[in-house]
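If you want the building blocks of each chain, they are given just below.
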Amino acid sequence: MTRQVASTTALVLGFLVVLMLGGRLIRYFGIAAEGGLDISLLFVIIGYNLPYFLELILPLSFFIGLMLVFGRLYVDQEMAVINGSGLSRGRLARLMTPLILVLFVFEAGLSVVAKPWGVGASEAVWQRQALSSAFDLIRPREFISSGNYHLYVGSLSDDRKQLQDVVLIQNKGDDSEAARADAAGGDTEAVSAAAMDDNLPRALTTAIDDAPSIRKDIITLAKRAEQVEGSETGQAQLDLFQGRRYEVAANSLKYNQVSFDRYRITLNEAPKEVVTEDNIETQTIGPLWRAASRGESARDDTAVTAAQAELGYRLALPWLMIIAPMLAVPLAQVRPRQGRWLRLFPSILLFVSCALGIISLKNAVAKGSVSFWAYAWLVLGFMLLALYLNWGSRIQHRVRFRGAKGQTKQVGGTL
C-alpha cells in the first residue's frame, strides 16, 4: 500500500508540476525573446521557484494518489476481501503512518525553509538581470532608471563596465542613514539653513533646523564608476570613485554632504533586517516569528499583521498532509456498479476548498479582518469533518441497532 501510494503520488506530482510550470516557462521565454532575461538564467529561475509550487501541489498530489489507490481497492473488490480478513479501512490507512509523517516533515521543510530561500534567490536573480539590462541601455548624456535609482553618465567604455562623469539619484521613502565610504578619511559636513544664509529670518531657520524627519533624496556625483563582478552577497553592486554624496530635501534648506575616494552601493537591495510587506515572503522563520509577536524587527502594525498571516500560512500548510488521508479514506469508498471517477472530482473539490481556505485566510489576516487563530480553527474544522465522514455512518448504525433492539425487547415483554 505504501509503495503504491508513493508511486502514484510521484506520478501525479510530476504531471501537475509540468502543467503548472508550463505557463510560467512560456512567459519567461517571451521575456527572454524580448531581451529582458538571459536565456542561461531561465532554468535557474524555474528551479528557485519550484519550492513555491511544490508546497501547494504536493498535498493535492498525495490526496489524489490516496483516492486512486483506495478507489481501485473498492472497484476490484479487494477492500471487501481485506475487511473480511478482519482488517478495517482505518487500520489499513494507519499502516501508512511512516509515509504520512515523512511527507508532513517534507511539506514543513518546503513551507518554512525552502520557499523563502527560493523566493529570495529568484528576486536576487531578477535584480541582477534588471541591472544588466539597464547597463545595456546606457547612453551617454542621458538618464536611465532602475528601481529607485536614476543614472546619468557622461561617457562609457566599449565593454560598458567603466562609466565616466556619473550622476546617481536615489529616491528615499524615509530618512537615510549616514553615508559609509570605503576609503578612510571621508569628509562629512552638515549644512544648516542658518549657515547658508544669515539674512534669513531667525524664526524660519529655527523651524527648518528643528523640523522632524523629512523625506530626503540622495544625489551622488563621481568622476568614474564600475560594476562589481562576482559579488559575495549575490546583489548587484557599483563602485563609485572620487566624488561627493548629498542628502537633500525639496522642502528643507538643511542637507548633508560626504566626500569619498571610493564608495560602494548596492542597487535594489531590500532591507533584510526590517520586516515589511514587500519582503515578507523572503523572511526566515526567526525574524518572521519576532515580527509576528510585535518584536523590534517589524516596521509598523501593517508589517505585524502581514508577518502573522505569513507565519500562520506556513504553519498551516503541513497539516494538509494529515487531512488528506483522513478525507481520502472515507471519500474513496465506491458502491457496487459505481465508478471511482465519479467520487474523485467532488472529493478533489472538497480538499481544494481546504487549501483555498488557508490561502484566503492569508489575505484576511494580513488585512486585520480575522484573527491569527483562524488558521487553527479552519484546520480543526476540516479534521472534525473528516472524523464525521469516517465514524458518522458507524455511529448512526449503532444508534439505530440499539433502538431497534430496545423496541424488540419491549414488544417481546408485552407479548
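Please refer to the structure placed before this passage.
Residues numbered from 1 in each chain as written. Predicted model: local features only at pLDDT ≥ 70, side-chain atom pairs only at ≥ 80, totals over all residues. Heavy atoms only, no water.

S.K.: Explanation requested: the environment of Trp319 in the structure shown.
M.R.: With respect to the helices and strands, Trp319 occurs in the loop between helix H9 (301–316) and helix H10 (320–331). You can call Trp319 partly exposed: its relative accessible area is 38%. Residues Trp319 and Ala108, spaced 211 residues apart in sequence, show a C-alpha to C-alpha distance of 8.8 Å. Among residues more than four places away in sequence, those in contact with Trp319 are Phe104, Val379 and Met383. (Helix = DSSP H or I, 4+ residues; strand = E, 2+ residues; numbered from the N terminus. Buried < 20%, exposed > 50% of the residue type's maximum accessible area, 1.4 Å probe, protein only. Contact = heavy atoms within 4.5 Å.)

S.K.: Please clarify how helix H8 (residues 285–292) should be interpreted in this entry.
M.R.: Given 3.6 residues per helical turn, the α-helix brings residues three or four places apart onto the same face. All of the buried residues in H8 are Pro287, Leu288, Ala291 and Ala292. Angularly, the buried residues of H8 cover 135 degrees about the axis, an arc narrow enough to put them on a single face. Turning to H8, the residues buried within the fold contact H9. (Arc of directions from axis to C-beta.)

S.K.: Any chance you could explain the side chain of Arg314 here in plain terms?
M.R.: Note on placement: Arg314 falls in helix H9. Note on Arg314: relative accessible area 0%, which makes it buried. Within the structure, the side chain of Arg314 is placed 2.9 Å from the backbone oxygen of Gln283, a separation counted as a polar contact. (Polar contact = N/O pair within 3.5 Å; in protein donor to acceptor, adjacent residues only side chain to side chain.)

S.K.: Just to check I follow, could you spell out the pattern of salt bridges for this structure?
M.R.: Two side chains that carry opposite charge are able to pair once their charged atoms sit near each other. Applying the stated rule across the entire model yields eight salt bridges. When the shortest N-O distance is used, the salt bridge between Glu247 and Arg245 registers 3.3 Å. For the pair formed by Glu247 and Arg245, the shared burial category is buried. For Glu310, the salt bridge is made with Lys362, and the minimal N-O distance between the two is 2.9 Å. Highlighted residues: Glu310 in helix H9 and Lys362 in helix H11 (residues 340–367), separated in sequence by 52 residues. What you see here is one network of salt bridges that share partners, running through Glu55, Lys115, Glu310, Arg314 and Lys362. (Salt bridge = Lys/Arg side-chain N within 4 Å of Asp/Glu carboxyl O.)

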